[in-house]
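Here is how the chains run, residue by residue.
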Amino acid sequence: MTYDFDLIVLGGGAAGLTASGIGANLGVKTLMIERERHTVPDGAHPAKLGGDCTWTGCVPSKALLKAAKVAHQLRHAADYGLVTTAPEVDFKRVMDHVRHIRDDVFEEADRPEIYEDMGIEVRVGTARFTDAHTVAIEADGTAELVTGRFIIIATGGRALVPPIAGLDTVPYLTNHSLFEQDQQPKRLAVVGAGPIGTEMAQAFQRLGTQVTVLDMAPGILGKDDAELTALLRERLEEEGIQYMLGAAVERVDPHEGGVRVTAQMDGQTRTVDADALLLATGRRPNIEGLGLEEAGVAFTRRGITVDDRGKTSQSHIYAAGDVTGQFQFTHMSEHTAKVAATSLILKVPTKVDTAHVPWVTYTDPELAHVGATEAQLKEKGERYEVYRFPYAKVDRAITDGDTIGLIKVFATSLTGTILGASILGAHAGDLIGAYALAMRNGISLRQISDTIHPYPTYGLGVRRAADQWYARKQSVTFTRFLQTVFRYRGPVIEPDPDRIV
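Attention here is on the structure that accompanies the text.

Reading the values: the criteria
Residues numbered from 1 in each chain as written. Predicted model: local features only at pLDDT ≥ 70, side-chain atom pairs only at ≥ 80, totals over all residues. Heavy atoms only, no water. 1 Å grid on protein atoms, 1.4 Å probe; cavity = no way out; pocket = protein on both sides within 12 Å on 5 of 7 lines; lining within 4 Å. Points joined across faces, edges and corners; volume = space filled by probe spheres on them. Helix = DSSP H or I, 4+ residues; strand = E, 2+ residues; numbered from the N terminus. Nonpolar A, V, L, I, M, F, W, Y, C, P; charged D, E, K, R; others polar. Core = buried A, V, L, I, M, F, W, Y, C linked by side-chain atoms within 4.5 Å. Buried < 20%, exposed > 50% of the residue type's maximum accessible area, 1.4 Å probe, protein only. Contact = heavy atoms within 4.5 Å. Pairing = 2+ DSSP bridges. Axes fitted to C-alpha atoms, helices over the stretch in contact; angles between N-to-C directions. Salt bridge = Lys/Arg side-chain N within 4 Å of Asp/Glu carboxyl O. Parallel < 35°, antiparallel > 145°, perpendicular 65-115°, else oblique. Left-handed = near helix turned anticlockwise from the far one by under 90°.

**Considering the layout of surface pockets**
One number sums up the size of the second largest pocket: a volume of about 760 Å³. Around the second largest pocket, the lining comprises 26 residues; the ones closest to its centre are Lys-69, Gln-73, Arg-206, Asp-364 and Asp-402. Mapped by element, the contributors of at least two residues to the lining of the second largest pocket are α3 (58-75), α7 (195-206) and α13 (428-440). Counting residues per element, the lining of the second largest pocket draws most heavily on α3, at six residues. Here the lining of the second largest pocket is built from residues that sort into six nonpolar, nine polar and eleven charged.

Structure, rendered in structure tokens:
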């Protein structure tokens, strides 16, 4: 059978862009369909490519965090011998800056013309399967049918809005609407102490908003290392963020031009009054209206069902990114799209790497992890050692005044095989990549310790943490043997797992 396209990609976010790009580079006739429209100058393509990362996630949130960090540094300039200045926050200008950065990223990386120059056909419209190989593109009141030999579903996800009583009576924000705001709230209630809620709580607090965070969990960032999240929470509380943890939100109501949040906490009814409400309660896949039933593609409310290559219940249809409900990271959207596209096009038996998935919360300090957590290792009964190195002993962190933090590596005692790593501290998101690389390629702590790292850098902390494996290998018996053979006269250092060298 002859098809209109070799490959049809539904969605122009991180996964869709990656899959389409791979298809084009391999000589595949590719169509990418994006439903979001972008207001553009005359002659430009209206497809709003880039997805959540560019428009409502990674890019604007990090731009806002940077602006907030500058404000924080101005308040603490005296720590560096400078004159402290109370920043005057023009919130609209801050948000204009955030949106300008967003537009710059779109122009440089996501603009449709970039992909059209690669030979990819880009269409704007709502895509819906009519059968397993046919997609209807609905736009401007018309529908066009196109057929594809292969199809990759990469329609992404969106903010999950929980069923809170009274939510329909008050205005509320999610990450999809947050960055369009020009009015700074004096008080902000954040429901959700996960990555989005935690990052935005710090950003708004540093910009001068009083932030209260509510969550049912007993702590923040429940997927991360408990010791490190406790340290981070302490830092955030010092900055003024108020936490109501172990709090079940019961309802919200209009109150004095804002919102009142009512929650049950410690057996008591508690209320929080705020000018604005941010819901940071997770994400849900964009599967509605795709016609998955007509295509014979299996799915649940959590997302499209796929195997370890991204294949759906139809052998020629794959899915990648947030729409599968498996991973909620841009880098995993790109990774799963790469696996899906190469599996479809090249028939190469690649698989999604689920063992070395790094994640980062971009607070100040940053919190990062890769591999198994300590809780998972304990649950599985695996034998491991914890090798620690504090930022207070990283010379670059000392010179920068960023000594809050800790590197924790979970590894085997005998060989130094890395099982997982958690980092709290400046540039943790960059450092965690070294452990992801090491784990994927079987590089041990011994090999990291033996590798020359430049001084003074934060990266040297990775090597110094690996040095602790060598320190634990120190043998009193061997030291005394050396003293006997060579008549050395120094003291014999007794092994101490808590000693940092």
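**Quick notes on the nonpolar core**
Ranked by size, the top nonpolar core spans 37 residues in total, and within it Leu-64, Met-200, Val-213 and Ile-220 carry the most contacts. Sorting the residues of this core by element identifies α3, α4 (91-110), β8 (187-191), α7, β9 (210-215), α8 (226-238), β10 (242-245) and β14 (276-279) as the ones contributing at least two each. The greatest single-element share of this core, amounting to six residues, is contributed by α3. If near-sequence neighbours (up to four positions away) are discounted, Leu-64 is found in contact with Val-94, Met-95, Val-98, Phe-179, Met-200, Ala-203, Phe-204 and Leu-207. Membership of the second largest hydrophobic core comes to 29 residues, among which are Tyr-391, Ala-421, Ala-426 and Ala-465.

**Some thoughts on the sheet that holds strand β11 (residues 247-255)**
Across the sheet, three strands lie side by side as β11-β12-β13; this open sheet has antiparallel pairing. The sheet is open, and its two edges are formed by β11 and β13 (268-274), each paired on a single side. The average angle at which neighbouring strand axes cross in this sheet is 25°, direction not considered. One ladder, built from eight bridges, connects β11 with strand β12 (residues 258-265); its direction is antiparallel.

**Considering the pattern of salt bridges**
It is possible for side chains bearing opposite charge to pair when their charged atoms get close. Within this structure, the stated rule accounts for 34 salt bridges. Measuring nitrogen to oxygen at the nearest pair gives 2.9 Å for the salt bridge that ties Asp-364 to Arg-206. Placement of the pair is Asp-364 in the loop between β19 (359-361) and β20 (366-371) and Arg-206 in helix α7, with a sequence separation of 158 residues. For Arg-206, a relative accessible area of 4% corresponds to the buried category. With its nearest N and O atoms 3.7 Å apart, the salt bridge here joins Lys-351 to Asp-308. Note that Lys-351 is positioned in the loop between α10 (330-346) and β19 and Asp-308 in the loop between β17 (303-304) and β18 (317-319), a separation of 43 residues in sequence. A relative accessible area of 35% means that Asp-308 is categorised as partly exposed.

**Digging into the packing of α3 against α7**
At a minimum axis distance of 8 Å, the contact between α3 and α7 shows a crossing angle of 40°. Here α3 is positioned oblique relative to α7, judged by the angle of their axes. The crossing of α3 and α7 is left-handed. Residues Ser-61, Lys-62, Leu-64, Leu-65, Ala-68, Lys-69, Ala-71, His-72 and Arg-75 of α3 form the contact with α7, whose own contacting residues are Glu-199, Met-200, Gln-202, Ala-203, Phe-204 and Arg-206. A breakdown of the residues in the contact of α3 with α7 according to their chemical character gives seven nonpolar, three polar and five charged.

**Quick look at the sheet that holds β14**
Judged by pairing direction, the sheet is parallel, and its four strands sit side by side in the order β10-β9-β8-β14 without closing on themselves. Because the sheet does not close on itself, it has two edges, and the strands there are β10 and β14. Neighbour-to-neighbour, the strand axes of this sheet turn through a mean angle of 20°, independent of strand direction. Sheet topology note: the β8/β14 ladder contains four bridges and is parallel. In the strand pairing of β14, Ala-189 is matched with Leu-277.

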